[in-house]
Amino acid sequence: MNFLEIKGLCRNFGGLRAVCDLNAHIEAGRITAMIGPNGAGKTTAFNLVTGLLPVSTGKIFFQGKDITGLPPHKIAFLGVARTFQNIRIFSNMSVLENVMVGVHTRSCKGMFSSALRLPGVSSEEKFIRDEAFKYLEWMELAHLASMDAGNLPFGQQRILEIARALAAKPKLILLDEPAAGLNSQETNKLSKLIRNILESGVTVFLVEHDMELVMNISHDIIVLNNGFLITRGTPSEVQRNKDVITAYLGEEH
Amino acid sequence: MGLDSYIQLFFSGITIGSIYAMVALGFLIIYSSTGIINLAQGEFVMLGGLIAVTCHHTLHFPMPLTFLVTVLLVTVIGTLFEITCIHPLKNPSVLGLIMITIAASILMRGIAMFIWGKEEHGIPTFSGDKSVSVIGASVPPQVFWILGVIFTVLIILFLISKYTLIGKAMRATAADRTAAHLVGINVRKIVLLSFAVSAGLGGVAGVVLTPMTLMSFDRGTPLALKGFCATVVGGLGNPAGTVIAGLLLGLIESFVTGLVSSHYKDVIALFILIIVLFVKPSGLFSKSEEAKLKKF
Amino acid sequence: MGKNNYIKCALFLIIIGFLPVFVSNQYYLSVLVFAGIYAIVAIGLSMLMGYAGQISLGHAGFFAIGGYTSAILTKFHNFHPLQAMIIGIVFTVFAALLVGLPSLRLRGHYLAMATLGFGEIIYVTSGAATGLTEGPSGFSGVPSIALAGFTIKSELSKFYLVWLVALIIMILSLNIIHSRIGRALRSIHGDEIASNAMGVNVAKYKIQVFVYSAALASIAGSLYVHHMRFVSPTGFNLNKSILFLIMIMSGGMGSLWGAVIGAAIFTLLPEFLGVFNDYDILMYGAILLGMMMFLPHGLTGLTTKIIQLVLSKWKTRTQNNP
């Protein structure tokens, strides 16, 4: 049983095939990167795995359980969290509150008990707050806790998004181009952070264009082009693969 | 009930249906180019009717001039609405936009009440009141004026959108605003134009409708609601479907009113809207695959 | 709910407690009862719009269902007002599910239009279903509320009843807002996709808050007819829905206290100015448009801005003259 298994996955937009017959798997406890030229279908694949887009055909299994067609929140409850390529923080909420939303899947009190402050609500609220602070401290954002998330600088918004996803204590985290828009110093920090995340017991699956980062931290690499899987292997295997070079540089090379 | 009553119901249904179609098309045009559902759409019809009343009774314009001046004025009002209320907003939310168009529609209604009062106003029919006999049923001649004018406008609109550069630019903007901007289309101009055209359509509907049903300041909202029903039923993005949906809605309303009860005339369309939202929110005339791609 | 809100609640209680001491005029007291009734609607609507970011243009419809259910059941069928109020809530919840379930699955304008249509359906029906509602002219003789053997008939007792209900609802709502559910609602407002991906069951919470706000409108509707002791369709038309919107917009969208203040202002203002009479919609339109364009955060937003401005001025001055 693979940790995450994608079988014959297809997704069409009208006539366009964004992902086509994709077979891939992710192993637990490793960093897997998915690379490929623009429009290769990487983000679409992420959206399919997290349930944000319906699958045209094919199956997705997470820890042996068929998650194809499940709504996004159910997939989140199974332990899959993600970040977005074009940052999607809740800019109408504070930094702390953003991360507190991350703890949503680890808490359970409903509207009725919250309204009446039934026993257990206050202690759960304290748990959520403490957990959120824990992740803010890890990400070195604790001093900004009460700030409006929308006012954070770009780089910190990316980190906040990761903190929010980690606060769900996921088994698998999907990072969609986490280094996009970061400077080299921030990228260095990010690669350390991603290793830290793995050490804390979360399997990492990322899409990234920064090849230096990818080759540095990944254990496995999946290469897509035009919605198809080209190859899968370790960084050194991928770097030597002819098809990959063709996909990136074009036919004539 | 004889055949003649059915024919009469058919004609009154298709007449009011064509008005709904005009309002629905107005919704669609603005939605396509801006992503806004302009809830003030019905007020353009109301303004069209009432401005025509003033042109005809106070200024004693002949009917063709009344028609032209009214449509022109309503078009200007629609454009001004965009310039003063919609354009100045920076990064408006869906909620904000809805509130703005609602506020504008209330304001227009209030101003109309201030100017024309609460009573109903009428203008004479375009060519007398002598009914025309169609297969034994007597149909008022204004019905043919309404159908004639509206279908002429629809055909002109269709030709413009299909064959002129500006029409193609409008369709391109509707398909993808950013892409249209990148290929050099002046999106700002297209947005203004779409407000102008939508308002103009409302104005036309108002002038031709008023001789039949009279007009008062509060007629806009029900028309907007029904037009919106037609837009949703038509699938938001499909002009032909929208027109068909408008006509269908008019027919259903007319037959239910004539055959069952007139008490609930104004809520039939809304029931249909809620049922369509339940069963097929992408509309009856659009592929659900397309609808999923809309940000709406 | 934070320390801040406990203080506000206490302050609120004190104001309610002592206000009648200064308002001896029975008519003004009656107006304040209306203000309390509208405050209940405004709190619910503010939860829906200001926090969850969903738009309802048909809250007058839910207000009407509560009002008519109470009026009909207590006058013609000898129900106890509390029983009638609860049955009204049940009907309202059912209606809210009927409108909300299809339209809340979709984003954007659908809920606005569906609720606008729903409000019209209720308004038209309340005038047309003469067998049930006595038609457009309505009927009088709705009994007063009775609680534990006491009939709440005087303006003073109605004032205390309505505002205490408002206070309780305020506390419940603040509790929701300052809980994981409240944060989930705000996250939906902020970014529906991200919220969903973080495990928030977006559709469920949207429905819940919609039903909650509809139920509050229903309670307010019941109180309304018991206060007026009369019911007719005119109290429940589109203008009423719009008035509710103006109340929460003027108070500031993301603030429950603002909603209460907005409700109070827009109940009292027309009474004291008397200018609204016939041209109320003109005024409402102008106010709403002006507010949307120039005061998107309402009066609370404006006050905060002014306070900030004054503070920063004062700061620079103290810095310049140490």
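Below you will find a few notes about this structure. Here the structure is a predicted model, which is why all the values come from computation and not from measurement.

Remarks on the overall build of chain A
Counting its regular elements, chain A contains 10 helices and 10 strands. Relative to the globule expectation of 18 Å for 253 residues, the C-alpha radius of gyration of chain A, 19 Å, shows essentially globular dimensions. Along the first, second and third principal axes, the C-alpha set of chain A runs to 65 × 40 × 35 Å. Within the span of chain A, comprising 253 residues, buried residues form 43% of the whole. Sequence-distant contacts in chain A: of pairs separated by 6 or more residues, those separated by 24 or more amount to 66%.

Regarding the overall build of chain C
A count of helices and strands for chain C gives 14 helices and four strands. Since a compact globule built from 322 residues should have a radius of gyration of about 20 Å, the 20 Å found for chain C is in line with a globular shape. C-alpha atoms of chain C, sized along the principal axes, occupy 75 × 50 × 40 Å. For chain C, the share of sequence-separated contacts (at least 6 apart) that also reach a separation of at least 24 residues comes to 78%.

Quick look at the sheet that holds strand β10 (residues 228-233) of chain A
Residues and elements named next belong to chain A. On the basis of which strands lie adjacent, the open sheet formed by six strands has the order β6-β7-β8-β3-β9-β10 and mixed pairing. The open sheet has two free edges, formed respectively by β6 (80-82) and β10, since each of these has just one partner strand. Ignoring strand direction, the axes of neighbouring strands in this sheet form an average angle of 20 degrees. As paired elements, strand β7 (residues 172-176) and strand β8 (residues 203-207) share five bridges and run parallel to each other. Note on β8: the bridge partner recorded for Leu 174 is Phe 205. Strands β3 (31-35), β6, β7, β8 and β9 (220-225) of the sheet are contacted by helix α1 (residues 42-49), whose axis makes an angle of about 150 degrees with β7.

A look at the interface of chain B and chain C
Taken residue by residue, the interface counts 32 residues in chain B and 34 residues in chain C. Elements represented by at least two residues in the side of chain B that touches chain C include exactly α4 (94-116), α9 (220-234) and α11 (268-279) of chain B. Here the residues of the side of chain B that touches chain C sort into 26 nonpolar, four polar and two charged.

What to know about the sheet that holds strand β2 (residues 16-26) of chain A
All names here are of chain A. Read from one edge to the other, the open sheet built from four strands follows the order β2-β1-β4-β5, with strand pairing classed as antiparallel. Looking at strand neighbours, the two that pair on one side only are β2 and β5 (65-66), the edges of this open sheet. As defined by bridge partners, strand β1 (residues 4-13) adjoins β2 across seven bridges and the pair is classed as antiparallel. Considered in β2, the bridge of Glu 5 is made with His 25. Strands in contact with α1 are β1, β2 and β4 (57-62); relative to β2, the strand with the most contacts, it is inclined by about 65 degrees.

Some words on the environment of Gln 54 of chain C
All names here are of chain C. Its place among the elements puts Gln 54 in the loop between α2 (26-51) and α3 (59-76). The class for Gln 54 is buried, based on 24 C-beta atoms found within 10 Å. Along the sequence, Gln 54 and Leu 185 sit 131 residues apart, while their C-alpha atoms lie 9.8 Å from each other. When residues no more than four places from it in sequence are discounted, the contact partners of Gln 54 are Leu 48, Met 49, Leu 111, Lys 206 and Phe 210.

Observations regarding the pairing of β9 of chain A
Residue and element names in this part refer to chain A. By the criterion of burial, β9 is predominantly enclosed, with five of the six residues buried. Note: β3 against β9, four bridges, orientation parallel. Considered in β9, the bridge of Thr 32 is made with Asp 220.

Points about unusual backbone geometry
A positive phi angle, near 55 degrees, is found at His 60 of chain B, a position not held by glycine. Structurally, His 60 of chain B can be placed in the loop between α2 (41-58) and α3 (63-86). One non-glycine residue, Asn 78 of chain C, lies in positive phi territory at about 55 degrees. By the secondary structure assignment, Asn 78 of chain C is in the loop between α3 and α4 (81-104). Classification of Asn 78 of chain C as exposed rests on a count of 10 C-beta atoms within 10 Å.

Some details on α9 of chain B
All names here are of chain B. Helix length check: α9, at 15 residues, gives a terminal C-alpha distance of 21 Å against a target of 21 Å (1.5 Å per residue), a fit within 8%. α9 sits mainly inside the fold: 14 of its 15 residues count as buried. Once α9 ends, the next one or two residues include Gly 235, with phi positive near 100 degrees.

A closer look at the environment of Leu 73 of chain C
Residue and element names in this part refer to chain C. You can see Leu 73 is positioned in helix α3. Separated by 69 residues in sequence, Leu 73 and Asn 4 place their C-alpha atoms 41 Å apart. With sequence-adjacent residues up to four places away left out, Leu 73 is seen in contact with Phe 79, Ala 84 and Ile 87.

Description of the nonpolar core
Of all hydrophobic cores here, the largest spans 265 residues; its most connected members are Ala 163 of chain A, Cys 229 of chain B together with Ala 42 and Ile 43 of chain C. Here Ala 163 of chain A is in contact with Val 99, Tyr 135, Leu 136, Met 139 and Leu 141 of chain A, once residues within four sequence places are set aside.

Observations regarding the environment of Ala 52 of chain B
Residue and element names in this part refer to chain B. Relative to the elements of secondary structure, Ala 52 occurs in helix α2. Among the residues examined, Ala 52 registers 30 C-beta atoms within 10 Å and is labelled buried. Taking the C-alpha atoms as reference, Ala 52 lies 22 Å from Ile 156; in sequence the two are 104 residues apart. Ignoring anything within four residues of it in the chain, the contact list for Ala 52 reads Thr 66, Thr 70, Ile 123, Gly 206, Val 207 and Thr 210.

A short note on the packing of α2 of chain C against helix α10 (residues 202-228) of chain C
Residues and elements named next belong to chain C. One way to put it is that α2 packs onto α10 with a least axis distance of 8 Å and a crossing angle of 170 degrees. Relative to α10, α2 is oriented roughly antiparallel. Facing α2, whose interface residues are Val 33, Ile 37, Ile 40, Val 41, Ile 43, Gly 44, Leu 45, Met 47 and Leu 48, α10 presents Val 209, Phe 210, Tyr 212, Ser 213, Leu 216, Ala 217, Ile 219, Ala 220, Leu 223, Tyr 224 and His 227.

A short note on α1 of chain A
Residues and elements named next belong to chain A. Most of α1 is tucked away: eight of the eight residues are buried. Of all the positions in α1, only Lys 42, Thr 43, Thr 44, Ala 45, Phe 46, Asn 47, Leu 48 and Val 49 are classed as buried. Positive phi shows up at Gly 51, right after α1, with a value of about 80 degrees.

Side note on the packing of helix α3 (residues 95-102) of chain A against helix α8 (residues 180-190) of chain C
Two elements in contact, α3 of chain A and α8 of chain C, have axes separated by 10 Å at closest approach and are oriented at 105 degrees. Viewed along their axes, α3 of chain A and α8 of chain C adopt a mutual orientation that is roughly perpendicular. Residues Glu 97, Met 100 and Val 101 of chain A of α3 of chain A form the contact with α8 of chain C, whose participating residues are Arg 183, Ala 184 and Ser 187 of chain C. Grouping the constituent residues of the contact of α3 of chain A with α8 of chain C by class yields three nonpolar, one polar and two charged.

Criteria and cut-off values
- Residues numbered from 1 in each chain as written.
- Chains lettered and ligands numbered in written order.
- Predicted model: local features only at pLDDT ≥ 70, side-chain atom pairs only at ≥ 80, totals over all residues.
- Helix = DSSP H or I, 4+ residues; strand = E, 2+ residues; numbered from the N terminus.
- Rg over C-alpha atoms; globule rule 2.2 N^0.38 Å.
- Buried ≥ 20, exposed ≤ 12 C-beta atoms within 10 Å, placed from the backbone.
- Contact = placed C-beta atoms within 7 Å.
- Pairing = 2+ DSSP bridges.
- Axes fitted to C-alpha atoms, helices over the stretch in contact; angles between N-to-C directions.
- Nonpolar A, V, L, I, M, F, W, Y, C, P; charged D, E, K, R; others polar.
- Expected span 1.5 Å × (residues − 1).
- Core = buried A, V, L, I, M, F, W, Y, C linked by C-beta atoms within 7 Å.
- Parallel < 35°, antiparallel > 145°, perpendicular 65-115°, else oblique.

On their own, these measurements won't tell you what the molecule is for.
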